[in-house]
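What follows is the residue order along each chain.
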Amino acid sequence: MDGLGIIKGLAVTARRFFGTFKEDILWWGKRYYTDKGIARRMSSDVQGIFTVQYPEERIPTPEEFRFIPFLIYEENENGERLDRCTSCGICAKVCPPQCIWIVRTNDPKTGRPVPEPAEFYIDVDICMNCGLCAEYCPFDAIKMDHDYELAVYERQTNNIFNKEKLSKPLSYYASIRPINYSREEQMRLAAEAAKAARLAGKSQSN
Amino acid sequence: MNTTTIVSIDHLLEIFPDDVRRDERSGYEGFIVKPDNLNKVVSDLRDKMGYDYLSSVTGVDYYPEPIMEVVYHLFRSTGGSALVIKTQTPRDKAIVPSLVPVYPGAELQEREVWDLMGIQFDGHPDLRRILMWEGFEGHPLRKDWREPYFEEDGKPFKSRWPEGKIWRSEDKNTYRKNIQFSPGFDPESWVPEGDAAIYAGLGVVEKRSSVSSVKTDQIIVNLGPQHPSTHGVFRMVVSLDGETIIGLRPVMGYLHRNHEKIGERNTYLQNMPYTDRLDYLSSMSNNFGYALAVEKLLGIKPPERAEYIRVIMAELTRICNHLFAIGALLNDLGAYFTPILYALEERELILDIFEATTGSRMMCNYFRFGGVARDLSGEIAGQIEKLVFDRLLGKIDELDLYLTKNEIIRARAEGVGVLTPEQAIALSTTGPVLRASGVPYDVRRADPYSIYDRFDFDVAVRYHGDVYDRYLIRMDEMRQSVRIIQQAIRDLPQGEIQEGKPQYQVRVPAGEAYGRVEGPKGELGFYVISNGKPNPWRYHVRAPSFINLTALETMCIDNKVADAVAILGSIDIVLGETDR
């Protein structure tokens, strides 16, 4: 108990303290408020302090990041919105806190269900961002968003998202999750090609 | 100890032909013991057969059958698989003998069973509610008990699809209507008699003579519920003689949400993200234990690549958790925030990996039955490799240099809060607390699961059982975890990550299963009973943070009140898991 342990420990603090300044000088002020600087502070090569000054600086969200689901719609040539959702209800059934509510559309003439949701609600106060809905959706119609800044002043009126608020274009999805998007597109094209081949085979045999 | 040694478990049936029978229900294991002779049987199991470690106590309600069952999982502290002992009691008059005289570690667990299931334990020294509050009506885990927000017995609820007329639960059950009181109970005029009972439970005040020759007063001090050192909302009622602790009662349940009831309403898969919220600092380990339990029932095994990814993630989680535990302990010792922030920097790099792989930093929800949710990309595998080969060991060494020999830490931590190996086993402690007391018991070695038998690593063990050793052992374990990850990332095979097709509605055959992992805080067990329906019939979590607290009083007695804070910090509890 001669105090050497404390002194050695303080040397660690000092090294870290000066290490930050050394990095700052080596980076010529580019360590902060630049994408490169942020990437550096997130890598395992980083020396010195690596705090990111949110909200002036933001760390990039990785592709898999998940926050509150959204619905994907595609647009046809006439600019009409086509929901990918068929209101099959798998997301509502798999949702752990049961925050998804779907109203199915019925054909006014026959009264039979049409594969398109009349209304789609998510109570975002209850949503736990687990991502199971997106994982098990067979139509790639519901996906997890990247927008995490959802604070509101009045939750009673703002936090039940309806279909209007939940719907986002396919291009948005492709922009936030490019790898997933291209993989799904490839699988979809492959499935369509297989289906076409099967149909062709059938018509030939007939 | 008795000299007659029972060689095999079957002899139990010969010795107690009238009291013990095999559990022959399909999918079940173990023995059913008549309650009258339970203490005799388990004493024999402990003394003659080496089942000295009571891991888990829980109850099962077989409503509408008029039976309640208490399930005990016994282990040998030298390793091996579980011996499951059950005892049955009528539902309307549920009383079984308490096992506290044989296994003191049953104390908090039996209180929990009484609180949530309404099974009384005859001979328990302090049978009070533990997680629910005193004026609460009923026992919520009984199958006929319904919560104020009750909709249906099992999810998915029919109202969600296809009608989907949205409403908020809180609008139907407004403030003050969302709670159930005992008849005649008025919250306005209620005086918490519970506190008097806590103080009475500290009865040691009268029994013990003054510790020193100086004349001192005996007083009771409440540390918490709101106290910076309690890591959450947790209360220690401490009885003091001068500054010396002569009695301590933990009071918990402030964060109780009845995780197990929610779990029994959920489907099997829906439970996975809820397990993240138990010990929210190490969600991957929670996923792991639950996945193992359900996979046991399903009789499936994940593919090789998934196994490796699971191990990598679980060990990264352990490093995260221990970094946090050490930092928080140093905070409790008064080294305010510099050590914890140094530790959190490394944790941050690991959390970035979790976020990129699973989509979330802490609520990972990554494991699936028979696999994992997403593949580990080559880029992230590279990041992990770089971290474990180039950075983490150096940083752990730096932390070591920074803290371990520090004279103030040693003065505060050495010889404080000592737990002997015998006490540690008897009190059912697990994880770093148990191993710091000189018991080299690690589930990864003692009862290997997943692919841990393939890796070369040492079970960290320290022998003094004090706060300092509980700090050191976490350092040791981090180094071992890095070693495991180094091997796993080197051998990581290519291939599938999911056995069979991913299903959102798994068909789980009827039966029971106990899956346990060596979580960062100790043995984390999940006891699941299936009756073949989409929702588990019984879902119980053996929470290490909760059960390790059984030893808190023993550790604290005869220490100074200021050390209680350090001792609590050295157990490393997370209230999300303690209170569930």
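Cut-offs used in this document
- Residues numbered from 1 in each chain as written.
- Chains lettered and ligands numbered in written order.
- Predicted model: local features only at pLDDT ≥ 70, side-chain atom pairs only at ≥ 80, totals over all residues.
- Helix = DSSP H or I, 4+ residues; strand = E, 2+ residues; numbered from the N terminus.
- Rg over C-alpha atoms; globule rule 2.2 N^0.38 Å.
- Buried ≥ 20, exposed ≤ 12 C-beta atoms within 10 Å, placed from the backbone.
- Contact = placed C-beta atoms within 7 Å.
- pLDDT = per-residue confidence, 0-100.
- Pairing = 2+ DSSP bridges.
- Nonpolar A, V, L, I, M, F, W, Y, C, P; charged D, E, K, R; others polar.
- Axes fitted to C-alpha atoms, helices over the stretch in contact; angles between N-to-C directions.
- Parallel < 35°, antiparallel > 145°, perpendicular 65-115°, else oblique.

S.K.: Any chance you could explain the overall build of chain A here in plain terms?
M.R.: The secondary structure content of chain A amounts to eight helices and seven strands. Its C-alpha atoms give chain A a radius of gyration of 25 Å, more than 25% over the compact-globule value 17 Å for 206 residues. If one aligns the C-alpha atoms of chain A with their principal axes, the spans along those axes are about 90 × 50 × 40 Å. Looking at the 206 residues of chain A, the share that counts as buried comes to 23%. Taking as baseline every contact in chain A between residues at least 6 positions apart, the subset at least 24 positions apart corresponds to 64%.

S.K.: What's the story with the confidence of the model for chain B in this structure? I'm lost.
M.R.: Detailed conclusions should not be drawn from predicted coordinates in areas where pLDDT is low. All names here are of chain B. Mean pLDDT over chain B works out to 86, with 94% of the residues at or above the 70 mark. Under a pLDDT of 50 for its full length, residues 204–208 has, in the predicted model, eight contacts with residues more than four places off or in other chains. Scoring the predicted complex yields pTM 0.89 and, for the interface, ipTM 0.89.

S.K.: Looking at this model, I keep getting lost on the sheet that holds strand β3 (residues 100–106) of chain A. Mind explaining?
M.R.: In a beta sheet, neighbouring strands pair by backbone hydrogen bonds and run either parallel or antiparallel. Residues and elements named next belong to chain A. If you walk across this open sheet you meet the three strands as β3-β4-β6, and the pairing is antiparallel. Across the chains shown, the open sheet's two edge strands, defined by having one partner strand only, are β3 and β6 (160–161). Of the strand pairs in this sheet, strand β4 (residues 113–123) and β6 are connected by two bridges, and their pairing is antiparallel. Paired with Ile122 across the strands is Phe161, a residue of β6.

S.K.: Got a minute to help me understand the environment of A:Lys163 in this structure?
M.R.: Residues and elements named next belong to chain A. You can see Lys163 is positioned in helix α6 (residues 163–166). Taking the number of C-beta atoms within 10 Å as the measure of exposure, Lys163 has 18 and is therefore partly exposed. With residues near it in sequence (within four places) discarded, Lys163 still touches Leu71, Pro117, Glu119 and Phe120.

S.K.: Where do I start with the interface of chain A and chain B in this structure?
M.R.: By a frequent convention, interface size equals the accessible area lost on bringing the separate parts together. Taken together, the contact between chain A and chain B spans 40 residues of the former and 43 residues of the latter. Sorting the residues of the side of chain A that touches chain B by element identifies α1 (4–26), α3 (90–94), β3, β4 and α4 (132–136) of chain A as the ones contributing at least two each. In terms of residue count, α1(A) provides more of the side of chain A that touches chain B than any other element does, six residues in total. Here the residues of the side of chain A that touches chain B are counted per class, giving 22 nonpolar, ten polar and eight charged.

S.K.: I tried to follow the packing of helix α10 (residues 304–333) of chain B against helix α20 (residues 561–571) of chain B on my own but got confused; where do I start?
M.R.: Two numbers describe a pair of packed helices, the interaxial angle and the distance between the axes. Residue and element names in this part refer to chain B. Taken N-terminus to C-terminus, the directions of α10 and α20 make an angle of 180°; their axes are 9 Å apart at the nearest point. Considered as vectors, α10 and α20 are oriented roughly antiparallel to each other. Residues Ala328, Leu329, Asp332 and Leu333 of α10 lie in contact with α20, whose contacting residues are Val565, Ala566, Gly569 and Ser570. Across the contact of α10 with α20, the residue classes tally to five nonpolar, two polar and one charged.

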